[in-house]
Amino acid sequence: MNSPLQANVLFQLGPVPITEAVITTWAIMVILILGSFLLARHLDTLPGKRQAILELIVATLDIQIRETSGAAPAPYRGFIGTLFLFILIANWSSLIPGITPPTAQLETDAALAILVFLSIIWFGISKGGVRGYFKSFAAPNLIMIPLNILESVTRIFSMFVRLFGNVMSGVFVIGIVASLAGLLVPIPLMALDLLTGLVQAYIFAVLAMVFITATVEESQPTVKDSPPASPPLEERES
Amino acid sequence: MSIDFWSLGLQAVNVTILIWLLSRFFWRPVAAAIKKRQDTVSRLLNDAQTAKTNADAILAEVTTAREGIAAERETMLTDAAQKAESAANLALVNAQKQAQTLIDTAQLESTRTADALRAELTEQATLLAVNIAQKLLSRLDTAVVQSAFVGLLVEAIGALSAEDRESLRAANQGIELVGTLDLNDQEKASLSQALSQALGSSPALTFLSNPELIAGLEIRTPHFALHNSWQSDLATIAKALNHAE
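Residues numbered from 1 in each chain as written. Chains lettered and ligands numbered in written order. Predicted model: local features only at pLDDT ≥ 70, side-chain atom pairs only at ≥ 80, totals over all residues. Heavy atoms only, no water.

Caption draft 1: The arrangement of the sheet that holds strand β2 (residues 205–209) of chain B in detail. Residues and elements named next belong to chain B. Read across the open sheet, the four strands follow the order β2-β1-β3-β4; overall the sheet is mixed. Among the strands making up the open sheet, the edge pair consists of β2 and β4 (224–226). Taking each pair of neighbouring strands and ignoring which way they run, the sheet shows an average axis angle of 20°. Where strand β1 (residues 175–179) lies against β2, five bridges are found, and the strand directions are parallel. By the bridge assignment for β2, Glu-176 is matched with Thr-206. (Pairing = 2+ DSSP bridges. Helix = DSSP H or I, 4+ residues; strand = E, 2+ residues; numbered from the N terminus. Axes fitted to C-alpha atoms, helices over the stretch in contact; angles between N-to-C directions.)

Caption draft 2: Region of interest: the pattern of salt bridges. Residues and elements named next belong to chain B. As enumerated under the stated definition, the model contains seven salt bridges over all chains in all. Between Lys-35 and Asp-39 there is a salt bridge, with its nearest N and O atoms 3.1 Å apart. Placement of both Lys-35 and Asp-39 in helix α1 (residues 5–137) is noted, with a separation of four residues, approximately one turn of the helix. In this structure Asp-39 comes out as partly exposed when scored by relative accessible area, which is 35%. As a salt-bridge pair, Arg-118 and Asp-115 come within 2.9 Å of each other at their nearest N and O atoms. Of the two residues, Arg-118 and Asp-115 are both situated in helix α1; the distance of three residues between them amounts to about one turn of the helix. For Arg-118, a relative accessible area of 43% puts it in the partly exposed group. (Salt bridge = Lys/Arg side-chain N within 4 Å of Asp/Glu carboxyl O. Buried < 20%, exposed > 50% of the residue type's maximum accessible area, 1.4 Å probe, protein only.)

Caption draft 3: A nonpolar patch on the surface, seen in detail. Residues and elements named next belong to chain A. A contiguous nonpolar surface patch, about 490 Å² in accessible area, is contributed by Trp-92, Leu-95, Leu-192, Leu-195, Leu-198 and Val-199. Here the element with the most residues in the nonpolar patch is helix α6 (residues 187–219); it accounts for four residues. Position of Val-199 relative to the elements: it lies in helix α6. (Patch = residues over 30% accessible without salt bridge, like charges linked within 9 Å, V, L, I, M, F, W, Y side chains within 5 Å. Areas by Shrake-Rupley, 256 points an atom, 1.4 Å probe, with all protein chains shown as cover.)

By themselves, these observations are geometric and do not establish any function.
This is how it looks when you write it as structure tokens:
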């Protein structure tokens with residue numbers, strides 16, 4: 001059994017090593033893209049079962065984004081939804097014998113975390129401008145700038161380490177149990193791995209939305225409180 | 001443990017491409033379909049609300065119009081009933097007037113007809129009575145009746161005014177003495193003597209006969225006539241009867 005911490009390079013494409021995770025990612029991409037294209041081809045005003053399921057997925061995602069961020073879901077739907085779907089399919093790809101989920105490789109999770117990091121910068125600048133984005137590091141005051149910068153890196157680091165650790169450990173445990181106990185014994189662990197994969201995909205997507213929302217809100221110009229309509233109590237008593 | 005940065009970059013590119021493609025082929029079309037249906041439903045609801053509002057307004061107009069039509073119908077029926085009643089009353093009055101006129105005309109005509117009939121019957125009855133009287137008187141003794149009429153003629157001459165008696169005396173063309181039968185000489189002499197005594201003179205007498213007198217003796221001049229016969233008496237009676245009616 002190979003170490004899950006070591007990438008299995010299948011072939012070289014020039015200087016670029018093509019690992020098993022990359023191949024699996026391409027397969028997942030093909031499945032998702034073709035599936036999306038085929039399923040979302042003929043959408044009608046009166047939906048059938050297929051369209052109703054697709055709309056249920058999109059509506060549920062919109063509700064999650066709106067409840068998490070309080071903002072309109074349209075700008076974030078493609079990024080957050082794709083992250084969730086990709087991570088979910090990647091985690092569940094471990095059910096196919098001989099397939100190692102791409103999310104069990106450190107490079108894939110790190111790539112996802114870097115995309116989240118870049119998306120935070122992108123949405124922060126697009127909503128609050130460059131000055132607003134950098135001002136978000138000075139919240140609540142200037143003293144917090146180093147800590148905020150450190151937090152922006154560590155929270156991303158914690159994201160991909162959490163995803164990598166959960167998925168890799170699941171694959172590692174199933175491999176160990178399968179090699180020691182037999183073919184059918186890991187099935188309960190694989191069922192648990194399904195739940196773990198769903199939860200991790202949800203957590204990764206929700207955390208990405210939370211980080212983006214926090215940055216966007218802090219990059220917005222602060223609105224001063226309006227003076228009270230009634231005079232203070234002391235003035236009224238005097 | 002080491003990180004292959006080539007794989008890291010390749011996976012980042014892969015996921016970026018996946019994000020772009022899924023946004024293009026999945027998230028946007030499905031969200032657009034949802035938005036389109038929501039817009040369609042909103043538009044249909046707005047249209048339905050507008051249609052309902054219009055329908056309510058039209059219903060209110062129709063209700064108002066129906067109430068107006070009902071009121072107008074009631075007014076027209078009332079007017080028509082009043083006009084019909086007035087026309088009926090007027091027609092009744094006219095009919096009563098016409099009937100009264102017809103009745104009056106018929107009564108007048110009936111009265112006139114009855115009067116005419118009564119006059120005609122009276123005239124016929126008078127003629128009949130005169131004829132009967134003529135037939136009855138013609139059976140009487142002629143000599144006795146003649147002598148009676150001579151006395152009556154003498155009395156009539158005596159009853160004449162002085163002027164009439166003088167005009168008889170002065171009649172240049174003589175006096176015509178008309179009887180029913182031709183007189184013999186003795187009767188003529190007797191009669192001339194009676195007249196001379198009554199007039200106080202002896203005028204020229206001409207004796208004529210006329211059976212239509214029935215009985216009697218009359219004096220006639222060009223300007224005077226003294227009727228003394230049953231014919232004249234009956235004529236006077238008939239005239240009096242006719243005038244009495």
